[in-house]
Each structure stands twice: as structure tokens, then as C-alpha cells.
Amino acid sequence: MAASPPPSQRRSGIRLFARLDRAGARALAVALRGETVGGLLLLAGAVIALVWANSPWKSGYASFTDATFGPRGLDLRLSVRQWASDGLLAVFFFVTGLELKREFVAGDLRSPRRAALPILAAVGGMIGPVIVYLLVNTTMSGGTPDGWAVPMATDIAFAVAVLAVVSTHLPSGLRSFLLTLAVVDDLLSVLVIAVVFAGHISLWPLLGSFAAVVVFGLLARRGVTRWWILGPLGVAAWALMHASGVHATIAGVLLGFAVPALSGQGGRTSLAERFGYRWRPVSAGFVVPLFSLVSAGVSLSGGLGPTLRDPVGLGVGLGLVVGKLIGVFGSTYLLARFTRATLDAGLSWWDVLGISLLAGVGFTVSMLVGELSFDPGTAPEIHVKTAILLGSLTSALLATAVLRRRDRLYRRLAATATVTRGARVEAPE
């Protein structure tokens, strides 16, 4: 008689990090390949920016990022850095909106039971860094609460790129969890940007932007996909949102949400998937790397000491490394401890620890929030960007140490299972 499973496995309920079916694993592999390339390009942009900003040609970097262009009459005479954060990132958030819509309509987030874990982990992963940041900045002299939102976000492209490099045999459930957590994390970050960092709001431009989004969505639902129709509507929604005082990237999310995400008759690919397939390479291959190039160029002439002595920089760095770990791992553990949810068979809390550390890799949204929280070129803004880079690198290295060890274990288990199956096939009767 087979031995009975342990009590934790006998309980009926949610399986945390359950294995995906074949179709889900195939879709996940496609997403991982795309995000991996985007993460590597993002990293390349950050490295180029750092080298350029600390080279003898650093004045050229400043001239490049501060150069302004655009029509003055529409309040769109912006610097290259502003065009990257306010304009180009709208494409990134449009793709994010498409992914969010698909997750809520046809993905894991459509089921409350399956959505409970990534949502709770994402919320915990945002509350933890905020608490750590505020603790640092309220207990150290010279601290300020202004940067509390900076360490909240997980950079999906950067994190998945790290995961792809260190992992070959980790269970698909862990990878799916990281992607879903990052998507929910993006949604919550968008809400923070929309609510906290809105300036003086002009009502009529805001209503005009909403109207453009509604027309965009109605046309998309009728199957209209011509770029010369939807494109001007999208640009109008963005420009009006910018004029309203709400951060212009919010228009990108709303436009993504307006696109239908359900498959058509006969199993046809949904419009959200088609738009995502078309625009994801633009976002990952051009928009995010360019934003990284114009945002990550901080001067390190004084070393890391000024950043670590500044409560703002220290709070952001510890928020990413410690706050994210406590928030994601702690919320997941509490869900398993006080509900009927259990880890999927064969998984360990060491796996959860590795993914929780990896969630501390922040970049794109953190950089954006840092620019919104502090005036450009000021010491706090420079320290925030330095802390984001340092905290993300530290989280990535710690996650790599844990996940490489786990990956070696799963590789050995897979090899043992293969040998065992081969022996059974060749065994004499």
C-alpha cells in the first residue's frame, strides 16, 4: 500500500505554483523569450548610459538628454528625457494594458482562486518596500517620505531575463508566478502614478482623452485595425491626457484595456494578442532600452558613499532588496499558513525565496517614479537612480545564488527520472 501523503498535501485547496498544461507552457515559453531579449537590451542601455555619463564625454550625454523639441503651443516642448518617460513609455504601458486585459479576461487572474496568490504577493511586494523605505527615512536625519513609491515595482523584462539566464529546469509554475506577479505589480504601480503623481487636473482635456479612448475601444470591438484610424485616436488620447495634468502614460494603459482580449469565432487570435504581438517588439526592442539609456546615466564620481548615506537612497535600495523579499515571501507564506493553499508537490520554500528575491529587480517603473518624485538633477534624484541600479543588481545576484542551486537540484532529479524510465523500458520480462 502506498504511503499516505503528509497532512499538508492531504488538505484540499489551492495548489501554489501548480504546473502548467502543455498549451500554457507553450504560451509561457513565448513570453519568456520575448521578455528575455527585452531585458538584455534594457541592461545594455543602462550600461551604455552609465559608461557615457562617467566618461570624458559626459557633457555630451547631458546635452543629448536635455535637448528639447516639439510644438510649444500644445505644451509639448519637451526634453529627450521627458519624451522618453512621458511619450515613448506610453507604448510600454499600452503593451502592459494589453497583458493586463488578457490576464483578467482569459488568463490566470480571471479565476479568483488562481488570482489570489499573485495578487496577494504583488500587494505584499509593494507594501513591504514602502514600509522599509519609510522606516529608514523616519529614523534617519534628513529623510523624506517623498520617495516611498519608488521601490514598489518589479521590472518584468529585467527579472525574466535574469531567470532565463540562471534557470533551465525550474518548474514552470514558478516562472508563471513571477510573470503574473509582475503584471499585477504593474497595474498597482499605474494606479499609484495616476492618483499620487497627478498635478493640477484640467477637466476638459481629461474628458477628451477618455472620449478618445472610448472611440478607440468601440472601433477595435468592431474589428477596425487600420493604423491611420486608430493611430491618431491613440495620439490624441495621449496628448489630451498629458495636457490634463495626469501622467500621459496612463493613456497607454487605458488604450490597452480598451482592446478586446477574447478570441474570436473559430478560435481566432484575439485582437489584444495581435496588437501585443505587433507592439511588444517595439516596446522591448526600442522604447524601454531608449528610456534606460536616457534615465540610467548617473554620475558615480563620488562613489556609492553619498547614496548609502542619504536616507532616500538607502531606503530605496533596502526597499528593493529587503522589502520586496519580506513582502512577497511573507504574503505567500501567510496564505499557505492560514488558508487551505499548499505548495505544489515537489516545490520547496527555497524556490519561493529565490523568486521573492528576484522580485526586487526593479528598473523601468521605479526609474519613472523616481523622476516623478524628485526634481531632475537634484541629489535625491541621482541617489534614487543609483540606489535602483544597486538594489536591482544586489537582488539579481542573491536570486541567482539561490535559483542556480535549486536549478542544479531539479536538473539532477530530471536526469534521475530519465535514467529510471529508460531502465524500465529495457528491463527483461
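Refer to the preceding data block for the structure.
Presented here is a report on the structure given in the accompanying data block. (Residues numbered from 1 in each chain as written. Predicted model: local features only at pLDDT ≥ 70, side-chain atom pairs only at ≥ 80, totals over all residues. Heavy atoms only, no water.)

1. So, the side chain of Ser392
Consideration 1: Within the secondary structure, Ser392 sits in helix H16 (residues 379–426).
Consideration 2: Taking the relative accessible area as the measure of exposure, Ser392 reaches 5% and is therefore buried.
Consideration 3: There is a polar contact of 2.8 Å between the side chain of Ser392 and the backbone oxygen of Ile388.
Consideration 4: Ignoring any residue separated from it by four or fewer positions in sequence, one finds Ser392 in contact with Leu320, Gly360, Val361, Gly362 and Ala387. (Helix = DSSP H or I, 4+ residues; strand = E, 2+ residues; numbered from the N terminus. Buried < 20%, exposed > 50% of the residue type's maximum accessible area, 1.4 Å probe, protein only. Polar contact = N/O pair within 3.5 Å; in protein donor to acceptor, adjacent residues only side chain to side chain. Contact = heavy atoms within 4.5 Å.)

2. Regarding the nonpolar core
Consideration 1: By size, the foremost hydrophobic cluster in this structure holds 90 residues, and its most contacted members are Phe93, Val316, Leu358 and Phe363.
Consideration 2: Ranked by the residues each element gives to this core, the list is headed by helix H7 (residues 172–196), at twelve residues.
Consideration 3: What Phe363 contacts, discounting residues up to four positions off in sequence, is Leu42, Ala46, Asp155, Phe158, Ser292, Ala296, Ile388 and Leu389.
Consideration 4: The next biggest cluster of nonpolar side chains, apart from the first, holds 16 residues, and it includes Ala220, Leu233, Ala258 and Ala272. (Core = buried A, V, L, I, M, F, W, Y, C linked by side-chain atoms within 4.5 Å.)

3. Quick look at the side chain of Thr386
Consideration 1: Following the sequence through the fold, Thr386 ends up in helix H16.
Consideration 2: Given the relative accessible area of 4%, Thr386 is considered buried.
Consideration 3: Dropping the residues within four chain positions of it, Thr386 is found in contact with Val298, Leu300, Leu304 and Thr307.

4. Quick notes on a nonpolar patch on the surface
Consideration 1: A grouping of Ile119, Val123, Ile127, Ile131 and Leu135 is seen on the molecular surface, where their side chains present a nonpolar patch of about 400 Å² in accessible area.
Consideration 2: Tracing the chain through its elements places Val123 in helix H5 (residues 112–139).
Consideration 3: The class for Val123 is partly exposed, based on a relative accessible area of 32%. (Patch = residues over 30% accessible without salt bridge, like charges linked within 9 Å, V, L, I, M, F, W, Y side chains within 5 Å. Areas by Shrake-Rupley, 256 points an atom, 1.4 Å probe, with all protein chains shown as cover. Salt bridge = Lys/Arg side-chain N within 4 Å of Asp/Glu carboxyl O.)

5. Observations concerning the pattern of salt bridges
For side chains bearing opposite charge, pairing can occur when the charged atoms are close.
Consideration 1: Applying the stated criterion to the full structure yields eight salt bridges.
Consideration 2: The residue Asp66 makes a salt bridge to Arg81 at a minimum N-O spacing of 3.2 Å. Placement of the pair is Asp66 in helix H3 (residues 58–66) and Arg81 in helix H4 (residues 80–106), with a sequence separation of 15 residues.
Consideration 3: Among the salt bridges present, the one from Glu381 reaches Lys385, with a minimum N-O distance of 3.1 Å. Linking Glu381 with Lys385, this pair stays in helix H16, spanning four residues, or about one helical turn.
Consideration 4: On the accessibility criterion, Glu381 (6% relative accessible area) is buried.

6. Notes on the packing of H5 against H7
Consideration 1: Here H5 crosses H7 at 55 degrees, and the two axes come no closer than 8 Å. Here H7 runs oblique to H5, going by the angle between their axes. Relative to H7, the crossing made by H5 is right-handed. Every residue of H7 that contacts H5 at Leu117, Pro118, Ile119, Ala121, Ala122, Val123 and Met126 is listed here: Phe177, Thr180, Leu181, Val184, Asp185, Leu188 and Ser189.
Consideration 2: Its residues assigned to classes, the contact of H5 with H7 shows eleven nonpolar, two polar and one charged. (Axes fitted to C-alpha atoms, helices over the stretch in contact; angles between N-to-C directions. Parallel < 35°, antiparallel > 145°, perpendicular 65-115°, else oblique. Left-handed = near helix turned anticlockwise from the far one by under 90°. Nonpolar A, V, L, I, M, F, W, Y, C, P; charged D, E, K, R; others polar.)

7. A closer look at the packing of H7 against helix H10 (residues 249–257)
Consideration 1: Look at H7 against H10: their axes get within 10 Å of each other, and the N-to-C directions meet at 130 degrees. Judged by the inter-axis angle, H7 sits oblique to H10. Two packed elements cross with a definite hand, and for H7 against H10 that hand is left-handed. Mapping the contact onto sequence places Leu187, Val190, Ile193 and Ala194 in H7 and Ile250, Val253 and Phe257 in H10.

Function cannot be read off these values alone, since they describe shape.
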